[in-house]
Amino acid sequence: MQRDLIKQFFYDMLLARRFEEAAAEQYTQGKIAGFLHLYPGEEAVAVGSLRAAEPGDYVVTPYREHVHALMRGITPNAVMAELFGRATGCSGGYGGSMHLFSAEHRFLGGYAIVGETFPLAIGVGYRLAMKQSPDVVLCFFGEGAVNQGTFHESLNMAALWKLPVLFICENNRYQIGTEIHRNSAVTEVYKRGCASGVPGKHVDGMDVLAVHQATQDALQHVRSGSGPFLLECETYRFRGHSMADSGAYRSALEMAELKARDPLLNLRNRALQEDWISEDDIEALFKKAHAVVDEAVRFAEQSPPPTDLYKDIYAQPLDVYRGAP
Amino acid sequence: MTRTRNADAEMIAPARPRHELMVWEALNLALDHALAADDAVFVLGEDVGLYGGSYRVTQGLYAKYGEWRVRDTPISENSFTGLGVGAAMVGGRPVVEITTVNFALLALDAIINLAAKIRYMSGGQFHVPLVVRMAGGVAKQLAAQHSQRLEHTVMNVPGLRIVAPATPQDAYWQLTQAVREDDPVIVLEHELLYFKKGPFDIHASAPPMHSAAVRRPGAHVTLIAWQRMVDVCLQAADELATDDIHAEVIDLRSLRPIDLPLLVASIKKTHRAIVVEEDCKFAGAGAEIVAALQETVFFELDGPILRVAAADTPTPYNGALEATSIPDAAAVVHAVRRMVGPREE
Ligand SMILES: Cc1ncc(C[n+]2csc(CCOP(=O)(O)OP(=O)(O)O)c2C)c(N)n1
Ligand SMILES: [Mg+2]
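Residues numbered from 1 in each chain as written. Chains lettered and ligands numbered in written order. Predicted model: local features only at pLDDT ≥ 70, side-chain atom pairs only at ≥ 80, totals over all residues. Heavy atoms only, no water.

## Examining the site of ligand 1
All names here are of chain A.
- Taken together, 15 residues surround ligand 1, and among them Tyr63, Arg64, Ala112, Asn172 and Tyr174 come closest.
- Within the side chain of Glu143, an N or O atom sits 2.9 Å from an oxygen atom of ligand 1.
- In the model, an oxygen atom of ligand 1 is placed 2.9 Å from a nitrogen or oxygen of the Asn172 side chain.
- In isolation ligand 1 has 580 Å² of accessible area, and contact with the protein removes 73% of it.
- Taken together, the residues that form the shell around ligand 1 break down as seven nonpolar, six polar and two charged. (Near = heavy atom within 4 Å. Polar contact = N/O pair within 3.5 Å; in protein donor to acceptor, adjacent residues only side chain to side chain. Areas by Shrake-Rupley, 256 points an atom, 1.4 Å probe, with all protein chains shown as cover. Nonpolar A, V, L, I, M, F, W, Y, C, P; charged D, E, K, R; others polar.)

## Considering the packing of aromatic side chains
- Scanning the model with the defined rule gives 14 aromatic pairs over all chains in all.
- On the basis of an interplanar angle of 25° and a centroid distance of 5.0 Å, the ring pair of Tyr126(A) and Phe42(B) is categorised as stacked. On the criterion of chain membership, the pair formed by Tyr126(A) in helix H5 (residues 117-130) and Phe42(B) in strand S2 (residues 41-45) is interchain, its members lying in two chains.
- By relative accessible area, which is 0% here, Phe42(B) ends up buried.
- Each ring, one from Tyr55(B) and one from Tyr194(B), has its centre 4.6 Å from the other, and the planes form 20°; the classification is stacked. Here Tyr55(B) is found in the loop between S2 and helix H3 (61-65), whereas its partner Tyr194(B) is found in the loop between strand S7 (185-190) and strand S8 (197-199), with 139 residues between them in sequence. This pair shows no difference in class: Tyr55(B) is buried, exactly as Tyr194(B) is. (Phe/Tyr/Trp six-rings, centres within 6.5 Å; stacked < 30°, edge-to-face > 60°. Helix = DSSP H or I, 4+ residues; strand = E, 2+ residues; numbered from the N terminus. Buried < 20%, exposed > 50% of the residue type's maximum accessible area, 1.4 Å probe, protein only.)

## Structural notes on the side chain of Arg237(A)
Residues and elements named next belong to chain A.
- Here Arg237 shows up in the loop between strand S8 (229-234) and helix H8 (252-259).
- Buried charge without a salt bridge: Arg237, with Asp245 as the nearest opposite-charge side chain at an N-O distance of 4.2 Å.
- Only 2.9 Å separates the side chain of Arg237 from the backbone oxygen of Ile176, close enough to count as a polar contact.
- Here Arg239 takes part through its backbone oxygen, which lies 3.0 Å from a polar atom of the side chain of Arg237.
- Sequence-distant contacts of Arg237, defined by excluding residues within four places in its chain, comprise Pro40, Glu42, Arg64, Asn172, Tyr174, Ile176, Asp245, Tyr249 and Arg250. (Lys, Arg positive; Asp, Glu negative; His and termini not counted. Salt bridge = Lys/Arg side-chain N within 4 Å of Asp/Glu carboxyl O. Contact = heavy atoms within 4.5 Å.)

## Topic: the coordination of the magnesium ion (ligand 2)
Residues and elements named next belong to chain A.
- The coordination sphere of the magnesium ion (ligand 2), as far as protein atoms go, consists of Glu143 (OE), Glu143 (OE), Asn172 (OD1) and Tyr174 (O), spread over 2.1 to 2.6 Å.
- Around the magnesium ion (ligand 2), the six donor atoms are arranged such that angles at the metal cover 52 to 173°; this shape is classified as irregular.
- Positions of the donor residues of the magnesium ion (ligand 2) along the chain correspond to the pattern E-x28-N-x1-Y. Each of the two residues, Asn172 as well as Tyr174, counts as buried. (Donors = N, O, S within 2.8 Å, 3.2 Å for Na, K, Ca; no water. Tetrahedral: all angles 85-135°; square planar, octahedral: opposite > 155°, others 65-115°.)

## As for the nonpolar core
- Core analysis: the largest hydrophobic core is formed by 90 residues, its most contacted members being Phe141(A), Phe167(A), Ile111(B), Ile118(B) and Leu293(B).
- Among the elements that line this core, the one with the most residues is H5(A), at nine residues.
- Residues lining this core come from more than one domain, with at least three contributed by each of domain 1 (9-199) and domain 2 (213-340) of chain B.
- Counting residues in hydrophobic clusters, the runner-up holds 66 residues, among them Ala22(A), Phe84(A), Leu267(A) and Trp276(A). (Core = buried A, V, L, I, M, F, W, Y, C linked by side-chain atoms within 4.5 Å. Domains from an automatic or database assignment.)

## Here's the deal with the packing of helix H4 (residues 76-83) of chain A against helix H10 (residues 279-302) of chain A
Residue and element names in this part refer to chain A.
- Two elements in contact, H4 and H10, have axes whose closest approach is 8 Å; the angle formed by their N-to-C orientations is 45°. One way to sum up the angle between H4 and H10 is to call them oblique. In the packing of H4 onto H10, the handedness of the crossing is right-handed. On the side of H4, the interface is formed by Pro76, Asn77, Met80 and Ala81, while H10 contributes Val292, Val293, Glu295, Ala296, Val297, Phe299 and Ala300. (Axes fitted to C-alpha atoms, helices over the stretch in contact; angles between N-to-C directions. Parallel < 35°, antiparallel > 145°, perpendicular 65-115°, else oblique. Left-handed = near helix turned anticlockwise from the far one by under 90°.)

## Looking at the sheet that holds strand S3 (residues 137-142) of chain A
Residues and elements named next belong to chain A.
- One open sheet holds the six strands; their spatial order is S2-S1-S3-S4-S8-S7, and the pairing between them is parallel. Edge strands, defined here as strands with exactly one partner in the open sheet, are strand S2 (107-111) and strand S7 (200-204). Ignoring strand direction, the axes of neighbouring strands in this sheet form an average angle of 15°.
- As paired strands, strand S1 (residues 58-62) and S2 are joined by three bridges and run parallel to one another. Its bridge partner being in S2, Val59 is matched across the sheet by Phe107. (Pairing = 2+ DSSP bridges.)

## Things to note about the interface of chain A and chain B
- Chain A puts 46 residues into the contact, and the matching count from chain B is 57 residues.
- Remark: the boundary between chain A and chain B carries one salt bridge.
- When the shortest N-O distance is used, the salt bridge between Arg322(A) and Asp259(B) registers 3.3 Å.
- Counting every contact that joins chain A to chain B gives 17 residue pairs in polar contact (both at pLDDT 80 or more).
- Those elements that provide at least two residues to the side of chain A that touches chain B are S2, H5 and helix H6 (149-160) of chain A.
- Classifying every residue of the side of chain A that touches chain B gives 28 nonpolar, 11 polar and seven charged.

By themselves, these observations are geometric and do not establish any function.
Written as structure tokens, this is what we have:
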């Protein structure tokens, strides 16, 4: 493993963790409103998978997507400003935490309705296939979304027409307060593409190196024209479902077990042990992540709000009464 | 990526140009021209390809443009409509056919939560040049689940445009305009209009996609309708004319936006108006039209604006009952007579 890559992963996960903790603080202070779904515990999934993607690839995600946006190169300033609802946010303050977008980064949005990322992703894949483009789509979703009809409908079409879509399940075991074995007859998500013949693989989603490798392999499959692939990353969220949820339905033992598998600690210990990284490096990266996030908060706070309520509903402003008084 | 070309296509596709076309032929021609003009355009839906479309609208196009541009889909309305949204976000110009509006209920997430909101939620970074065509209305004894009218469901959604052509010429014009539009457009078609013949001039220049049209001028009452109810109103106007009551019949053509200025101009002349709609009266499209008009022309009116609408029931299977459930010319004539009163000079 190249040392630079390890350092990159480590910094990415530190930034992700710090960004989310700062968002929680700002939410508590009333600076961020609405639904806020945070990612601590799951960092290895977005970091490992998206660092394996090419800049030309497209990304579609659900609402827990701040880290995915950061990994695609959307600046922490632009993401934080969006959480603050400011005009400098990556969606101009019109989307908020659950709806981050960036055309420049081919980041096609966070979506708040569970199961929407599937049809959107196959649509992008369809267009790419039509144009015989080398780019592919990475479609993220939670394990809870797998029981939505769109999962099965879309995997069927993706397989039928061999669309270049990598389906990445972020299996954190919970759909809000309902654990997977209480909502799914088959809990091995990677097997659930079998009805459409979509090959699947399971990977430890707490291990960024494993996720990175598995994504590289899966992307190769998808990019070669062999059709879609389903990658299940088994992970865990350390916080509640959203800031509105205390997560009280999980036992202290379960939490402790999973926190022991913290993807950051995991990588830190291994990297130190293998001598890929030094304590000094870690200290420096930690400081950098803090400084970047502090700056993002400062930037967001000082940014102006959007003011035009009617902007961008249509390509041109549309009067539903066509100008009548 | 197979691009099949088939000489049969030329034989199957309607001969053109022609002075008269049926609505389905006009729609077919619009799609043919759109597919030929722009590589980004593609058509998808159930049975649109090899089979040629449940109402023949896509006949011949699969042979001509191949499977990637005329795509037969599985029965997955929400996902293939959402597929259209995704493709539209990255440069495609999909035309989704949902066989009937009844099935579109399964695609409302893609239409309302996705297509209508992505431009706004993304701060204008992504647009969704998507057309969703769907056939609705009461046809011939298809029973309650196949006879719905869903104008009201989509009219209330900012971000959508809705057109409802009633003639072959408008079907051609408005579908052509819809495909070129950078916003999502719902094209409401009517099951009983597909085989209606009407004058067609390929060279005539199109009015704006959302303007209404006066189909018959008259001085005494304004009848406002769309889709099949336009014909019902024209029939009623014929009958009323024998009594020297002259109804002005307006074909709305568009339901979002509504061409309110044209309606206002008409009512300033007639001082009376009736909205004739095939859907149930309660919370239907007519409710919006009447409300907008009373806010605008109240002091021009000789009396309240009325609605002649469908009965507040699911559509029955029995043919005679079905006929009584939606407005016909007699119902319109009756309403006008009551409104205008006996014309005694
Ligand atoms: C269609 C729909 N139903 C219900 C909800 C409410 N809801 C929001 S998130 C969520 C749980 C989703 O769980 P999962 O897909 O596993 O994602 P996670 O939050 O665990 O990342 C639910 C039920 C919704 N947003 N959309
Ligand atoms: Mg989950």
